[in-house]
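# Results of the structural survey
Here are the chains, one letter per residue:
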Amino acid sequence: EGWENDWEKVVINARREGKIVVWAVAGLWAPARPLMAKSFKDKYGIDVEMVSATSSLLNERLFRERKAGIYDADIILASGMGALELKKADVLDKLEPTLILPEVTDPKVWMGGNIYWVDQEHTQLLFAGGLGPYILVNTNLVRPEEISSMYDLLNPKWKGKIVLYDPTSPGPGRNQFMVIASNELGTDFMSGLLKQEPVITGDPRQHMDWISKGVYPVLMGYMSAMVKDYQKAGAPVKIVIPPKEAVFYSTFASIMTLIKNAPHPNAAKLFSNWLLSKEGQMLITGPTNTPSRR
């Protein structure tokens with residue numbers, strides 16, 4: 001009740017600010033960036049400046065700028081580990097008070113009948129996600145049925161032929177190893193996997209180039225949106241999800257966070273409501289290949 005007046009004020013003040021700066025994890029958000037910027041600009045006349053980098057680089061830049069008294073970012077679309085680091089650094093503002101549109105605040109429109117707040121203080125909202133990225137194979141070199149279990153990766157024939165997304169930095173690699181270590185596979189499996197002498201790198205583009213060109217046949221951990229692009233280009237790659245072991249629900253860098261002392265607070269309110277609306281969610285789910293929680 002009465003939300004229309006609040007919304008009208010936000011729109012007017014956001015147009016006066018004229019701009020919003022959104023930082024987003026590279027890989028997932030790359031294909032959606034131009035669509036988001038154009039759609040938001042067309043609808044509200046406000047420019048969207050988007051910055052993309054790995055989660056760790058975005059956080060490093062934010063912390064460095066804050067120490068220097070620089071305030072650039074309004075919203076960060078973060079990964080799980082990236083959002084946790086932001087929370088520990090106390091740079092996040094409460095997001096809940098910025099949500100105005102009934103189609104956003106109504107719990108019934110969200111999966112499970114509730115808005116999924118990651119933390120008790122409601123500074124982080126998970127709006128999309130899906131099955132965690134696990135194994136990608138080059139179908140010219142691997143029959144997908146050859147890997148029906150995670151334990152199949154310990155077969156000596158894969159020694160020196162597996163690529164791992166770097167598990168020491170935020171992203172699919174770290175999420176994957178955390179799940180493996182905490183479930184039935186455990187550290188014994190991880191030790192066996194390391195004995196396979198995997199190649200470890202944190203460059204997602206390099207991962208995909210290696211797998212698509214057959215330099216390596218198996219990849220653990222990847223950016224889901226990039227897989228779709230490579231498949232469209234004709235790369236012989238296929239996702240393999242073992243039927244039981246180590247499957248997890250991934251945030252896919254779809255955690256919305258509002259940064260304290262945002263330079264464009266009204267534009268940030270406007271953008272967060274728009275992105276969480278049906279219109280915003282329908283716009284991004286295709287390019288990012290990530291199911292919305294709406």
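Residues numbered from 1 in each chain as written. Predicted model: local features only at pLDDT ≥ 70, side-chain atom pairs only at ≥ 80, totals over all residues. Heavy atoms only, no water.

### What about helix α2 (residues 33-44)?
This is how it is decided: Working definition: helices are DSSP H or I runs of at least four residues, strands are E runs of at least two. Numbering for both runs from the N terminus. Here, expected helix span is obtained from the residue count minus one, scaled by 1.5 Å. Under the scheme applied here, a residue whose accessible area is under 20% of the maximum for its type counts as buried, over 50% as exposed, and between as partly exposed, the area being computed with a 1.4 Å probe on protein chains only. The arc under discussion is defined with respect to the helix axis, by the directions toward the C-beta atoms.
For α2, which comprises 12 residues, the first-to-last C-alpha distance of 17 Å matches the rise-based estimate of 16 Å (1.5 Å per residue) to within 8%. Burial in α2 covers these residues: M36, A37, F40 and Y44. Each buried residue of α2 lies within a common arc of 95° when the element is viewed along its axis, so the set occupies one face. Facing away from the buried side of α2 by over 90 degrees, the exposed positions are P34, K38 and D42.

### A short note on the environment of L275
Put simply, the rule reads: Any pair of residues with heavy atoms lying within 4.5 Å of one another is described as a contacting pair.
Here L275 lies in helix α10 (residues 265-276). On a C-alpha basis, the gap between L275 and E96 in space is 14 Å, while along the polypeptide they are 179 residues apart. If near-sequence neighbours (up to four positions away) are discounted, L275 is found in contact with M36, L77, F127, M256, G280, Q281 and I284.

### Some points on the sheet that holds strand β10 (residues 218-220)
The test is simple: Each pair of strands is called paired provided DSSP finds at least two bridges between the two strands. The axes are straight lines fitted to the C-alpha atoms, using for helices just the contacting stretch, and the angles between their N-to-C directions are given from 0 to 180°.
Strand order in the open sheet formed by 5 strands is β9-β8-β10-β7-β11, and the pairing between neighbours is mixed. A strand with exactly one partner marks an edge of an open sheet, and here the two such strands are β9 (199-201) and β11 (237-240). Averaged over all pairs of adjacent strands, the angle between strand axes in this sheet comes to 25°, irrespective of strand direction. In this sheet, β11 lies alongside strand β7 (residues 135-138) in antiparallel orientation, the contact comprising 4 bridges. Of the residues in β11, the one forming a bridge with V137 is K238. Contacts from helix α8 (residues 204-213) reach β7, β8 (162-165), β9, β10 and β11 within the one sheet, and its direction differs from that of β7 by about 40°.

### Focus: the environment of L86
Residue placement: L86 occurs in helix α4 (residues 80-88). Taking the C-alpha atoms as reference, L86 lies 14 Å from N261; in sequence the two are 175 residues apart.

### Quick notes on a nonpolar patch on the surface
Filter applied, for reference: Residues enter a patch when their relative accessible area is above 30% and they make no salt bridge; the linking distance is 9 Å between like charges and 5 Å between nonpolar side chains (Val, Leu, Ile, Met, Phe, Trp, Tyr). For the area figures, the Shrake-Rupley method with a 1.4 Å probe applies, and any residue is considered shielded solely by the protein chains shown. Take a side-chain nitrogen of Lys or Arg and a carboxyl oxygen of Asp or Glu: if they are within 4 Å of each other, that pair is a salt bridge.
Nonpolar side chains collect at one region of the surface, where L131, I239 and I241 lie side by side and expose about 240 Å² of accessible area between them. Inspection of the secondary structure puts L131 in strand β6 (residues 130-131).

### Some details on the layout of surface pockets
Under the convention used in this document: A cavity, in this analysis, means grid points on a 1 Å lattice covering only the protein atoms where a 1.4 Å probe fits yet has no way out; a pocket is instead an open set bounded by protein on both sides within 12 Å along at least five of seven lines, and a residue lines either one if it has an atom within 4 Å of a point. Grid points are joined across faces, edges and corners, and a volume is the space filled by probe spheres set on the points. Lys, Arg, Asp and Glu make up the charged group, whereas Ala, Val, Leu, Ile, Met, Phe, Trp, Tyr, Cys and Pro make up the nonpolar group; the residues left over, Gly among them, are polar.
Put simply, the second largest pocket is a space of about 220 Å³. Residue assignment for the lining of the second largest pocket shows that the elements contributing at least two residues are α4, α6 (172-182) and β12 (249-250). Looking at the lining of the second largest pocket residue by residue, the classes come out as 6 nonpolar, 4 polar and no charged.

### With respect to the nonpolar core
Put simply, the rule is: For our purposes a nonpolar core is just a set of buried Ala, Val, Leu, Ile, Met, Phe, Trp, Tyr and Cys residues, chained together by side-chain atoms within 4.5 Å.
Within the largest apolar cluster, 43 residues are counted, with the highest numbers of intra-cluster contacts made by W29, M36, L77, F127 and F271. Every element with two or more residues in this core is listed here: α1 (3-17), β1 (19-25), α2, β2 (47-53), β3 (75-78), β13 (255-259) and α10. Top element by residues in this core is α10. It accounts for 7 residues.

### Digging into the pattern of salt bridges
This structure, assessed with the given rule, holds 14 salt bridges. For E279, the salt bridge identified is with K43, shortest N-O distance 3.3 Å. Here E279, found in helix α11 (residues 278-288), pairs with K43, found in helix α2; they are 236 residues apart in sequence, far enough to count as distant. Since its relative accessible area comes to 41%, K43 is described here as partly exposed. Taken together, the shared-partner salt bridges in this structure form one network comprising R61, E65 and D72.

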